[in-house]
Each structure stands twice: as structure tokens, then as C-alpha cells.
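Descriptive structure summary
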Amino acid sequence: MLIGELSRRTGVSARLLRYYEAQGLLEARRGTNGYRDYDEDAVLAVRQVRALLHAGLSTEVIRSVLPCARGEQPEFDWCAELRDVLDRELAVTDEHIDTLRRNRSALAGYLAQP
């Protein structure tokens, strides 16, 4: 399928699909006319990428975990080191949450001043 059809089927812009390809998250063959040609499984791959981005993972991390992803939401086959990667990402997210809580507390303190 051409990039326009993949875009329509996934709701993801062609520009973003090209970005996913550049990041190694999506593969396309090139036709003799130079157009990108995607397999049917590209629809699932795009949905997996979107779900993993929504979970806060970077494209670099997604590239490493995507081969282990199954299904749209995705579930994982626990490939070697996958749990370690996701544990590290969870720890980073927890650190961000702690920082945001401290920032919020400081701002609330400023606002509480007369």
C-alpha cells in the first residue's frame, strides 16, 4: 500500500510515517517509481508505535522493544533484556514525576503567599 493509504488507515500523517521510517520503526519497499510501498502489517506496526509513544517511550527505546510487541495495545513476548529496558524507562518516569511534584509544591507555596 502507498503512504497515503497507510496514512488514511492509521490516522497518522504521511510526514510522521516518513519520520517513523527514518527512525527505523517502519519499513517500506520502494517501487520502480520510487514510491514507498508498505506491507499490510505496517498498519499494526504504526498502531504499536503510537501506543508506545503514548506510554512515553522514545523512538530509540521503541526501536529496541518493537520486535517483541504483539497486538495493537501491545503485549510483549519477553525478549532478552526487554524487561530491563522497560524497568529503566519506568524508573526515569518515576524520577520525572518526583521532580514535577517538587515543582508543583514550590509553585503552590508561592501562590499561598499573601
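The structure reproduced in this document is the subject of the present report. (Residues numbered from 1 in each chain as written. Predicted model: local features only at pLDDT ≥ 70, side-chain atom pairs only at ≥ 80, totals over all residues. Heavy atoms only, no water.)

1. Side note on the environment of Gly71
- Among the structural elements, Gly71 can be located in the loop between strand E3 (69-70) and strand E4 (75-76).
- As a C-alpha pair, Gly71 and Asp98 span 27 residues in sequence and 32 Å in three-dimensional space.
- For Gly71, the residues in contact, after removing those within four places along its chain, are Leu44 and Gln48. (Helix = DSSP H or I, 4+ residues; strand = E, 2+ residues; numbered from the N terminus. Contact = heavy atoms within 4.5 Å.)

2. What to know about helix H3 (residues 42-54)
- Taking 1.5 Å of rise per residue, 13 residues should cover 18 Å, and H3 covers 18 Å from first to last C-alpha, within 8% of that figure.
- Looking at H3, one finds that the buried residues are Ala42, Val43, Ala45, Val46, Gln48, Val49, Ala51 and Leu52.
- Positive phi shows up at Gly56, right after H3, with a value of about 95°. (Expected span 1.5 Å × (residues − 1). Buried < 20%, exposed > 50% of the residue type's maximum accessible area, 1.4 Å probe, protein only.)

3. Some points on the packing of helix H1 (residues 3-10) against H3
- Their axes nearest at 10 Å, the elements H1 and H3 cross at an angle of 50°. Relative to H3, the element H1 is oriented oblique. In this structure, H1 meets H3 at a crossing whose hand is right-handed. Here H1 contributes Leu6, Arg9 and Thr10 to the contact with H3, which in turn contributes Ala42, Val43, Val46 and Arg47.
- For the contact of H1 with H3, the class distribution of residues is four nonpolar, one polar and two charged. (Axes fitted to C-alpha atoms, helices over the stretch in contact; angles between N-to-C directions. Parallel < 35°, antiparallel > 145°, perpendicular 65-115°, else oblique. Left-handed = near helix turned anticlockwise from the far one by under 90°. Nonpolar A, V, L, I, M, F, W, Y, C, P; charged D, E, K, R; others polar.)

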